[in-house]
Amino acid sequence: MKVLLANPRCYCAGVQRAVRIVELAIERFGKPVYVRKEIVHNRFVVNRLEEIGAVFVEENSEVPAGEVVIFSAHGVAPVVFDEANGRSLKVIDATCPLVNKVHQEAARYVEQGYHILLIGRAGHEEVNGTLGHAAGNITLIEDIDQARTKEIGAYQKLMVLTQTTLSLDDTEEIVTALRERFGSVDQPPGKDICYATQNRQDAVKEMCSRGIDLLLVVGSPNSSNAARLTEVGRVRKVRGFLIDNETDLNPGWFAGVQTVGVTGGASTPEEVVDKVIERLRDFGATDVEICQTAEENTVFRLPDELTRDELVSGG
Ligand code: SF4
């Protein structure tokens, strides 16, 4: 059995930055450091950070007054900053700059008189943040059925924004359905689905076109971008599984498989994928070939309160 290993895969620049923020905050302020929500949607990462002194909470109200709290890579609504200020918490914002871009777009276009149509998944933290930036002038569209039928008031100007980690194929269909329904809808000049999501999906598409019999996406079940990678395979009729780590591998999946495609979502550490590849050798994997579809060199600056000159890179 051959392994085709996607590249780009695993950590993006936004996740790399968020994880580094927690590590640096623990070094700088001592433990515990509180983190509101999972810093990124990966169980392995959260467990490791807990071991070195991070305490994950659901809400600001669980953080003792005056302590450091880190907001996750998925961003928050403005009201969450207000709550933190109200409790005199020291906020370090690990929101990915590309999520922040969408949040700022929502606020700016509402100011310009638009009603926002947000394509995304209800309950996802990034979506909650975007909803919160739009001051009520926003309707969430979760799928093509909602694009066709969800009740939307009569607005003169409609702007479509999207969650950063969606399937490019699905999103295009939904935007087309919105255009068919409303005639003209605007979109920002740059796309909202981020470079890392696009690159990881493109790599899976390439692996599918090269003829893999099975797709393994390494990532936690609550990771949006990892779940979408599995869907990219499914749409192309490739059997696929989302696995958290090597212990989820099932020997029954490999009967008759000649080539297995492997990738990791943007919040998955490389070392977890390495362990999956090692385990695949027990199921008959011999060669590992890289399927390279893009180079990544995006870098995001860390917050000034942690360091003035350290940069991290992803990809
Ligand atoms: Fe940022 Fe994209 Fe990574 Fe999300 S997946 S953290 S938006 S770079």
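See the structure printed just above.
Residues numbered from 1 in each chain as written. Predicted model: local features only at pLDDT ≥ 70, side-chain atom pairs only at ≥ 80, totals over all residues. Heavy atoms only, no water.

Time to look at the pattern of salt bridges. Pairing between side chains of opposite charge can happen when their charged atoms approach one another. The tally for this structure, following the rule as stated, stands at 19 salt bridges. With its nearest N and O atoms 2.9 Å apart, the salt bridge here joins Lys 37 to Glu 58. With a gap of 21 residues between them, Lys 37 in the loop between strand 2 (33-36) and helix 2 (43-52) and Glu 58 in the loop between strand 3 (54-57) and strand 4 (68-71) connect regions that are remote in the sequence. A relative accessible area of 14% places Lys 37 in the buried class. The salt bridge involving Glu 289 is made with Arg 210; its shortest N-O contact spans 3.3 Å. Linking Glu 289 in strand 12 (residues 288-292) with Arg 210 in the loop between helix 8 (195-209) and strand 9 (214-218), this pair joins segments that are 79 residues apart in sequence. Here Glu 289 falls in the partly exposed class, since its relative accessible area comes to 32%. The network of salt bridges with shared partners includes Lys 2, Glu 206, Arg 210 and Glu 289. (Salt bridge = Lys/Arg side-chain N within 4 Å of Asp/Glu carboxyl O. Helix = DSSP H or I, 4+ residues; strand = E, 2+ residues; numbered from the N terminus. Buried < 20%, exposed > 50% of the residue type's maximum accessible area, 1.4 Å probe, protein only.)

A separate point is the site of the ligand. Near the ligand you find Cys 12, Gly 14, Cys 96, Leu 98, Val 99, Thr 164, Thr 165, Cys 194, Tyr 195 and Ala 266, and these make up its full shell. The class makeup of the residues in the shell around the ligand is seven nonpolar, three polar and no charged. (Near = heavy atom within 4 Å. Nonpolar A, V, L, I, M, F, W, Y, C, P; charged D, E, K, R; others polar.)

What follows concerns the packing of helix 1 (residues 13-29) against helix 2. Following both chains from N to C, one finds helix 1 and helix 2 inclined at 10°, their axes separated by 10 Å at the closest point. The pairing of helix 1 with helix 2 is recorded here as roughly parallel in orientation. Of the residues in helix 2, those in contact with Val 19, Val 22, Glu 23 and Ile 26 of helix 1 are Val 45, Arg 48, Leu 49 and Ile 52. When its residues are assigned to classes, the contact of helix 1 with helix 2 shows six nonpolar, no polar and two charged. (Axes fitted to C-alpha atoms, helices over the stretch in contact; angles between N-to-C directions. Parallel < 35°, antiparallel > 145°, perpendicular 65-115°, else oblique. Contact = heavy atoms within 4.5 Å.)

Attention now goes to the pairing of strand 11 (residues 259-264). With six of its six residues buried, strand 11 lies for the most part within the structure. Here strand 11 shows a buried face lined by Thr 259, Gly 261 and Thr 263 and a second buried face lined by Val 260, Val 262 and Gly 264. In terms of strand pairing, strand 1 (residues 2-7) meets strand 11 through four bridges, oriented parallel. The partner of Leu 5 across the bridge, within strand 11, is Val 262. (Pairing = 2+ DSSP bridges.)

A few words on the sheet that holds strand 11. Each strand in a sheet pairs with its neighbour through backbone hydrogen bonds, running either in the same direction (parallel) or in the opposite one (antiparallel). The sheet built from five strands is open, its strands ordered 10-9-11-1-12 with parallel pairing. Two strands lie at the open edges of the sheet, namely strand 10 (239-243) and strand 12, each paired on one side alone. Neighbouring strand axes in the sheet, compared pairwise and without regard to direction, differ in orientation by 25° on average. Inspection of the sheet shows strand 9 paired to strand 11 by five bridges, in the parallel sense. Note that in strand 11 the partner of Leu 215 across the bridge is Gly 261.

Okay, helix 2 next. All of the buried residues in helix 2 are Val 45, Val 46 and Leu 49. In a view along the axis of helix 2, the buried residues occupy a sector of 95°, so they form one face of it. On its buried face, helix 2 sits against helix 1 and strand 3. For helix 2, the side-chain oxygen to backbone nitrogen distance between the N-cap and Phe 44 is 3.0 Å, and the N-cap itself is Asn 42. Two residues or fewer past helix 2, Gly 53 is found with a positive phi of approximately 125°. (Arc of directions from axis to C-beta. Polar contact = N/O pair within 3.5 Å; in protein donor to acceptor, adjacent residues only side chain to side chain.)

Any functional reading would require information that these geometric values do not contain.
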